[in-house]
Amino acid sequence: MTDIFCIGNALLDALQRVEGDERLQALHLQKGAMQLIDSEKYAKISHIMNVENCEISTGGSGGNVALCSARLGQNAFFCGKTGEDDKSALFRSVMCRNGVMVAPLSCSLPMGVASTFITPDGQRTFATYLGAGATLHAEELEESWFSGVRYVFVEGYLVQDHSLIERAVDLAHAAGAEVCLDLASYNIVAAEHEFFAHLLKKTDILMANEEESHAMTGLQPEESLEALAQVCPTVVVKVGAKGALGARGAERARVPAVAVSQVIDTTAAGDFFAAGFLTALGRGASLSDALLMGAKCSAEVIQVMGTCLCEEAWKRLRAAVPEN
């Protein structure tokens, strides 16, 4: 049985610290958002990042959720398309080493890369070249992959291909799986509001941060939680340093953020939260305990660059997973 099936853009993150917002402004990037870029702009950014210090990590929302879920002891499957270059080989190697099964999908285009700029406040801004990832199409999803799956995690960043998301959701429900949708980024929600409103009606578990839920509803966190809960059976609204709110049927819960000594990089914070939350929920945890597990996973990853936690951190997180 597969505990979680994650579908998303297969990406490597190229992470670089910047002193302020000037670099973002010069590259016309919205702070805290994800912007898709073409090959020409990617080449320009890559030149800048190659000259300076840069760290490489596996990335992509779906890939991050799969990796964290696998390290928490879940059977995780990732569906995304890579290239046939060295970066693609690195991505597959890291995912395999961390216990994630990866769909055998590739093409001749290079691996997708998210150039990630980290400001002193730990905020991350993405300039994403999808590369091979953009060539994943609905007809390539195999029905057999969804058999026996408990949760299907769909990243909102896939919104560039409506038919791909629709087929993933339909195959998930046909197989008896619950669909978990992450809204991805506030600017994407604003641009694709009508499609997301349609998709929420087919979503079992919705994950959003404060900015994304506001872009979806125009409301503040508590009110947006209630509005979204009228559509989706389970809703989580993350409010950064203030923790997270959750609704599941008639159940409501709020947990504080787990305190950390220093926020290094918020990349993958929401993805690790989703992995922790779904892992705990799948073990029969209460809404409150599932939110707390998500917060613990998020707290660990914001203390490092990228997604490379030390073994001690993974041991702490596995020990924190609620038992049945």
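Everything here concerns the structure above.
These numbers come from a predicted model, not from an experiment.

(A) Summary view of the overall build of the chain. A count of helical and extended segments in the chain gives twelve helices and 14 strands. Radius of gyration (C-alpha) of the chain: 18 Å, near the 20 Å computed for a compact globule of 324 residues. Overall size of the chain, expressed as C-alpha extent along the three principal axes, is 55 × 45 × 40 Å. For the chain, the residues scored as buried account for 58% of the 324 residues in total.

(B) A look at the layout of surface pockets. Estimated volume of the largest pocket: approximately 1100 Å³. Mapped onto the lining of the largest pocket, the elements with two or more residues apiece are strand 2 (11–17), strand 3 (34–36), helix 3 (61–71), strand 8 (124–129), helix 8 (210–217), helix 10 (269–282) and helix 11 (287–301). Sorting elements by how many residues they give to the lining of the largest pocket places helix 10 first, with four residues. A per-class count over the lining of the largest pocket returns 23 nonpolar, 16 polar and eleven charged.

(C) Looking closely at the packing of aromatic side chains. Taken as a whole and judged by the stated rule, the model has seven aromatic pairs. Aromatic pair Tyr 42 and Tyr 129: ring centres 4.8 Å apart, planes at 10°, arrangement stacked. Taken together, the residues span a long stretch of sequence, with Tyr 42 in helix 2 (residues 39–51) and Tyr 129 in strand 8 at a distance of 87 residues. Judged by centre distance (6.5 Å) and plane angle (55°), the ring pair of Phe 195 and Phe 196 falls under tilted. Grouped by ring-pair contacts, the aromatic residues Phe 5, Phe 77, Trp 145 and Phe 146 constitute a single cluster.

(D) Representation of the state of the cysteines. Enumeration according to the criterion identifies zero disulfides in this entry. Not part of a disulfide, Cys 6 finds its nearest cysteine sulfur in Cys 180, a span of 8.7 Å. By relative accessible area, Cys 6 is classed as buried at 0%. The structure places no disulfide on Cys 107, whose sulfur is separated from the nearest cysteine sulfur, that of Cys 79, by 13 Å. In this structure Cys 107 comes out as buried when scored by relative accessible area, which is 15%.

What counts, and at which threshold
Residues numbered from 1 in each chain as written. Predicted model: local features only at pLDDT ≥ 70, side-chain atom pairs only at ≥ 80, totals over all residues. Heavy atoms only, no water. Helix = DSSP H or I, 4+ residues; strand = E, 2+ residues; numbered from the N terminus. Rg over C-alpha atoms; globule rule 2.2 N^0.38 Å. Buried < 20%, exposed > 50% of the residue type's maximum accessible area, 1.4 Å probe, protein only. 1 Å grid on protein atoms, 1.4 Å probe; cavity = no way out; pocket = protein on both sides within 12 Å on 5 of 7 lines; lining within 4 Å. Points joined across faces, edges and corners; volume = space filled by probe spheres on them. Nonpolar A, V, L, I, M, F, W, Y, C, P; charged D, E, K, R; others polar. Phe/Tyr/Trp six-rings, centres within 6.5 Å; stacked < 30°, edge-to-face > 60°. Disulfide = S-S within 2.5 Å.

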